[in-house]
Amino acid sequence: MGKGWQGKAIHGFRETEIAQWSEASREILQRVRDTAFLPGMSQLSLVHVLDLDKSGYIKPHVDSVKFCGCTIAGLSLLSSCVMRLVSEQNPEDWMDLLLPRRSLYILRGTARYEFTHEILKDEESFFDGQKIPRERRISVICRNLPAPT
């Protein structure tokens, strides 16, 4: 399992970045991009693919502005999961989001910069009082370019 650029935040994973996709996959990714990003917004050409094992999890973090810009869009595939957002300024201000398999999530604005996000461990994976069983999860993540420094 990997130790990529987010290796300290993610446990039990493999990752890659992909530039070449099948025609069907390109069409799906274009729909994601059209939904998540404003017209003319420069996007990273490589798409990040994160393969999270059943026992894997993602610790609370805010994606570095060195690696991506103001918008993160991810397709949640294979398994449903619970993403938790927690305010960095007031940890009592938090929210759990159910990400059903085949769903799209978009983090931008306040959610992108002022809240950490994490994928809960299988044993912590509850939403609205219901256990959300975690299996292997793949996320396909599109990002826009970071702001010039």
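The preceding data block contains the structure.
Residues numbered from 1 in each chain as written. Predicted model: local features only at pLDDT ≥ 70, side-chain atom pairs only at ≥ 80, totals over all residues. Heavy atoms only, no water.

(A) Representation of empty space enclosed by the protein within the structure. Per the stated rule, a full pass over the model turns up one cavity of 30 Å³ or more. A volume near 140 Å³ is recorded for the largest cavity. If you trace the largest cavity, you find 17 residues lining it, with Ile58, His61, Tyr105, His117 and Ile141 closest to the centre. For the lining of the largest cavity, the secondary structure elements donating two or more residues are β2 (47–61), β7 (115–119) and β10 (137–143). (1 Å grid on protein atoms, 1.4 Å probe; cavity = no way out; pocket = protein on both sides within 12 Å on 5 of 7 lines; lining within 4 Å. Points joined across faces, edges and corners; volume = space filled by probe spheres on them. Helix = DSSP H or I, 4+ residues; strand = E, 2+ residues; numbered from the N terminus.)

(B) Spotlight on the side chain of arginine 137. By the element assignment, arginine 137 lies in strand β10. Despite its burial, arginine 137 pairs with no opposite charge; the closest candidate is aspartate 51, at 9.4 Å N-O. Within the local environment of arginine 137, its side chain forms a polar contact with the side chain of serine 76, the two groups lying 2.9 Å apart. Apart from the residues lying within four places of it in its own chain, the contact partners of arginine 137 are Leu50, Asp51, Leu52, Ser76, Leu77, Leu78, Ser79, Cys81, Leu99, Tyr105 and Ile119. (Buried < 20%, exposed > 50% of the residue type's maximum accessible area, 1.4 Å probe, protein only. Lys, Arg positive; Asp, Glu negative; His and termini not counted. Salt bridge = Lys/Arg side-chain N within 4 Å of Asp/Glu carboxyl O. Polar contact = N/O pair within 3.5 Å; in protein donor to acceptor, adjacent residues only side chain to side chain. Contact = heavy atoms within 4.5 Å.)

(C) How the structure looks around the side chain of aspartate 96. Here aspartate 96 is to be found in strand β5 (residues 94–99). At 2.6 Å, the side chain of aspartate 96 forms a polar contact with the side chain of arginine 84. Sequence-distant contacts of aspartate 96, defined by excluding residues within four places in its chain, comprise Val82, Met83, Arg84, Phe126 and Phe127.

(D) Looking closely at the pattern of salt bridges. Under the definition given, this model contains eight salt bridges. With a shortest N-O distance of 2.8 Å, arginine 14 and aspartate 51 are connected by a salt bridge. Taken as a pair, arginine 14 in strand β1 (residues 10–18) and aspartate 51 in strand β2 lie far apart in primary sequence, 37 residues in all. Between arginine 136 and aspartate 51 there is a salt bridge, with the nearest N and O atoms lying 2.7 Å from each other. Placement of arginine 136 in the loop between β9 (130–131) and β10 and of aspartate 51 in strand β2 is noted, with a sequence separation of 85 residues between them. According to the relative accessible area criterion, arginine 136 is partly exposed, its value standing at 40%. Within the structure, one salt-bridge network assembled from shared partners comprises Lys54, Asp122, Lys131 and Glu135.

(E) Expanded view of the packing of aromatic side chains. Enumeration according to the criterion identifies zero aromatic pairs in this entry. Seen from the ring of tyrosine 57, lysine 121 lies directly overhead, with NZ or CZ sitting 4.5 Å from the centre. Sitting over the face of the ring of phenylalanine 126, lysine 131 holds its NZ or CZ atom 5.5 Å from the ring centroid. (Phe/Tyr/Trp six-rings, centres within 6.5 Å; stacked < 30°, edge-to-face > 60°. Lys NZ or Arg CZ within 6 Å of the ring centre and 35° of its normal.)

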